Amino acid sequence: MNGKRESVVDVQGTVEDGFEPVRDAFMANFARRGERGAAVAVYRHGRKVVDLWGGTKDGDADGDTAAPWEAGTAQVIRSATKGIAALVPLLLHQRGQLDLDAPVGTYWPEFKAAGKERVLVRHLLSHRAGLPVLDTPLTPDRAIDGVSGPAALAAQAPAWEPGTDHGYHAQTYSWLLGELVLRVTGRTIGSWIADEIAGPLGLDLWIGLPEEVRSRVGRLAAVETPAPPAASGLRVRPKRSVADAYADPGSLTSRAFGAISPAPDENAPEYRAAELPASAGIATARSLARCYAALIGPVDDHSRLFAPATLTLARTEESAGLDRTLLVHTRFGLGFMLHGPASPLLAPGAFGHPGRGGALACADPESGLAFGYVTNGMQRNVTADPRAQALLRAVSAVSHVAG
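Here the residue numbers are simple positions, counted from 1 along each chain's written sequence. For this predicted model, a pLDDT threshold of at least 70 governs which residues receive local features, and a threshold of 80 or more governs which side-chain atom pairs are given and counted, while totals over whole chains, interfaces and linings are taken from all residues. To get the side-chain values, all heavy atoms of the structure are used, and hydrogens and water are removed first.

Colleague: Just give me the short version of the sheet that holds strand β4 (residues 75-76), but keep the residues and values in it.
Modeller: Each strand in a sheet pairs with its neighbour through backbone hydrogen bonds, running either in the same direction (parallel) or in the opposite one (antiparallel). Only strands joined by at least two bridges in the DSSP assignment are considered to pair. Helix numbering and strand numbering both begin at the N terminus, where a helix is a DSSP run of H or I of at least 4 residues and a strand a DSSP run of E of at least 2. Here three strands make up an open sheet; going across it, the order is β4-β7-β5 and the pairing antiparallel. Looking at the sheet topology across the chains shown, the edges are occupied by β4 and β5 (205-206).

Here it is as structure tokens:
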């Protein structure tokens with residue numbers, strides 16, 4: 001089967017001289033790492049140097065009749081959405097509209113209840129608010145109604161003393177960040193991104209998919225995770241303690257990922273139209289890379305989005321150590337994951353965010369590199385995907401010799 005897939009996948013797009021190993025790694029993902037359909041893009045110093053796509057548009061489709069992935073195909077990027085969403089409070093802070101050290105209740109008075117008076121805005125962004133779970137999970141309909149999630153979190157007591165430890169807010173990040181932005185700006189986070197970031201930069205990137213572009217988005221499907229050595233040096237079977245936590249419905253881990261229950265259908269139009277900045281963003285790889293490129297430097301005739309001080313905030317470590325939710329050692333800046341063993345990025349100074357099962361976007365200011373990868377084949381991983389890691393290694397290996 002692997003040999004057949006390698007011979008029939010037609011990889012499209014371009015790579016600049018010196019970046020050919022990235023194309024080789026991308027093709028190897030189809031041959032050896034279970035890829036169905038995907039795209040990868042890389043910017044260097046504001047210029048696109050890799051733009052590749054291939055395979056089938058839908059992760060549950062195969063064979064000669066499957067619709068091919070096209071240049072403009074977009075995908076749900078799951079938690080890679082969190083990095084895009086984090087741009088909003090950081091840019092609001094840069095503009096003087098939001099104080100990162102203010103209590104959340106300054107902007108959202110109802111949030112002060114149940115011992116949360118001292119939860120700061122920076123705690124939301126660094127997963128230190130103590131609110132990774134809901135006492136009562138939300139149904140998919142209530143999760144997307146824009147009211148139930150924020151109301152539940154406003155009334156709920158934290159699971160630990162806010163600011164003293166960190167644990168990944170897998171789903172609750174949606175309602176915490178979304179409501180904060182709404183209270184500060186009067187706009188939903190998806191509309192703010194559309195108006196202030198995606199529109200000006202010409203990005204195919206949405207938190208809240210417009211109906212007119214539905215047909216461009218492929219379907220997600222679960223695919224088998226490759227065994228070593230195709231797993232790119234990553235641990236593909238979690239430690240027993242981690243596996244047990246995911247299997248235990250009463251664990252913080254299971255409850256964090258199960259804050260929406262039953263699990264929503266990520267291919268449903270209503271889910272994709274919802275503004276869930278923790279998990280339901282939709283983008284092309286090209287737009288993810290372009291967005292991150294714009295954070296660290298000018299792109300075309302657009303000025304950089306992050307001032308130097310804001311860039312420092314994004315990638316200065318706020319949380320580090322054993323994550324109460326993920327049960328592995330994680331590192332976070334303000335809204336972004338930072339390079340580390342659990343989530344390797346382009347370089348030690350890089351920042352970005354993975355999506356559970358595949359997607360990844362990140363940037364490294366020192367090398368001027370920005371990276372975006374999307375896929376429709378969801379493998380069983382949370383913070384590091386074998387396919388994305390193979391591509392990252394190829395980019396890193398050639399970047400010091402490429403123009």
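Colleague: Residues and numbers for the pattern of salt bridges, please.
Modeller: Salt bridge criterion: a side-chain nitrogen from Lys or Arg within 4 Å of a carboxyl oxygen from Asp or Glu. Enumeration according to the criterion identifies 19 salt bridges in this entry. Between Arg183 and Glu179 there is a salt bridge whose closest N-O contact spans 2.7 Å. Highlighted residues: Arg183 and Glu179, both in helix α7 (residues 172-185), separated by four residues, approximately one helical turn. Residues joined by salt bridges that share partners form a network here, namely Arg95, Arg187, Asp195 and Glu196.

Colleague: Residue-level account of the state of the cysteines, with values.
Modeller: Only a pair of cysteine sulfur atoms within 2.5 Å qualifies as a disulfide here. One pass over the structure, following the stated rule, counts zero disulfides. The cysteine Cys362 is free of any disulfide, with Cys291 supplying the nearest cysteine sulfur at 12 Å. When its relative accessible area of 0% is taken as the criterion, Cys362 is described as buried. Remark: exposure states derive from per-residue accessible area (1.4 Å probe, protein chains only) relative to the maximum for the residue type, with buried under 20%, exposed over 50%, and partly exposed in between.

Colleague: Talk me through the pairing of strand β11 (residues 351-354); I want residue IDs and the actual numbers.
Modeller: Neither face of β11 is left uncovered, since the one carrying Phe351 and His353 and the one carrying Gly352 and Pro354 both have all their residues buried. Bridge count between strand β10 (residues 337-338) and β11: two bridges; the pairing is antiparallel. Counted as the bridge partner of Leu338 is Phe351 from β11. Sheet analysis places β11 next to strand β12 (residues 360-364), joined by four bridges and oriented antiparallel. Bridge pairing in β12 links Gly352 to Cys362.

Colleague: Give a detailed account of the side chain of Thr284, specifying residues and quantitative values.
Modeller: Note that Thr284 resides in the loop between β7 (282-283) and α12 (285-296). Here the side chain of Thr284 touches Ser287 through a polar contact of 3.0 Å, side chain to side chain. Contacts are assigned to residue pairs with any non-hydrogen atoms lying within 4.5 Å of each other. Setting aside chain neighbours within four positions, we find Thr284 in contact with Gly72, Thr73, Ala74, Asp204, Arg216 and Val374. N or O atoms within 3.5 Å of each other form a polar contact, as long as, within protein, one can give a hydrogen and the other can take it, and as long as residues adjacent in sequence are counted only when both atoms are side-chain atoms.

Colleague: Break down the packing of aromatic side chains for me, with residues and values.
Modeller: Two aromatic rings, drawn from Phe, Tyr or Trp (for Trp, its six-membered ring), form a pair once their centres lie within 6.5 Å of each other, and the interplanar angle then sorts them: stacked below 30 degrees, edge-to-face above 60, tilted otherwise. This model, assessed by the stated rule, comprises eight aromatic pairs. Consider the rings of Tyr292 and Phe336, whose centres lie 6.1 Å apart with planes at 75°: the pair is edge-to-face. On the criterion of sequence distance, the pair formed by Tyr292 in helix α12 and Phe336 in the loop between β9 (329-332) and β10 is long-range, its members being 44 residues apart. Here Tyr292 matches Phe336 in class, with each residue buried. Put simply, the rings of Tyr168, Tyr246, Phe257 and Phe332 touch in pairs and so form one group of aromatic residues. Just above the ring of Tyr173 sits the side chain of Lys82; from NZ or CZ to the centre is 5.8 Å. The cationic tip of Arg356 hangs over the ring face of Phe257; the distance from NZ or CZ to the ring centre is 4.4 Å. Should the NZ of a Lys or the CZ of an Arg lie within 6 Å of a ring centre and within 35 degrees of the ring normal, that charge is described as sitting over the ring.

Colleague: Can you explain helix α14 (residues 386-399)? Please cite residues and give values.
Modeller: Expected span, for any helix, means 1.5 Å times one less than how many residues it has. With 14 residues, α14 ought to run about 20 Å at 1.5 Å a step, and its terminal C-alpha atoms sit 20 Å apart, in line with that. Residues of α14 that are buried: Pro386, Arg387, Ala388, Gln389, Ala390, Leu391, Leu392, Ala394, Val395, Val398 and Ser399. Structurally, α14 contributes buried residues whose contacts are with α2 (20-32), β2 (37-44), β12, β13 (369-375) and β14 (377-378).

Colleague: With reference to specific residues and values, describe the environment of Ala309.
Modeller: Mapped onto the elements, Ala309 comes out in helix α13 (residues 308-315). With a relative accessible area of 56%, Ala309 lands in the exposed category. In the structure, Ala309 is positioned 60 residues away from Leu369 in sequence and 19 Å away in space, judged by C-alpha atoms.

Colleague: Could you give me a rundown of the nonpolar core, with the residues and numbers involved?
Modeller: Only buried residues count toward a nonpolar core, which is a set of Ala, Val, Leu, Ile, Met, Phe, Trp, Tyr and Cys residues joined through side-chain atoms within 4.5 Å. With 78 residues, the main nonpolar core has Trp175, Ile197, Tyr292, Leu295, Phe306, Phe336 and Phe351 as its most contacted residues. When near neighbours in sequence (up to four residues on either side) are disregarded, Ile197 contacts Leu87, Leu91, Trp192, Leu203, Cys291 and Leu305. Residues Phe26, Val40, Leu52 and Val395 belong to the second largest nonpolar core, which totals 28 residues.

Colleague: Any details on the confidence of the model for the chain? Residues and values, ideally.
Modeller: How sure the predictor is of each residue is captured by pLDDT, a score from 0 to 100. Looking at the chain, the pLDDT average stands at 93 and 93% of residues meet or exceed 70. Contacts for the low-pLDDT stretch residues 1-7, under 50 throughout, to residues beyond four places or in other chains number six contacts.

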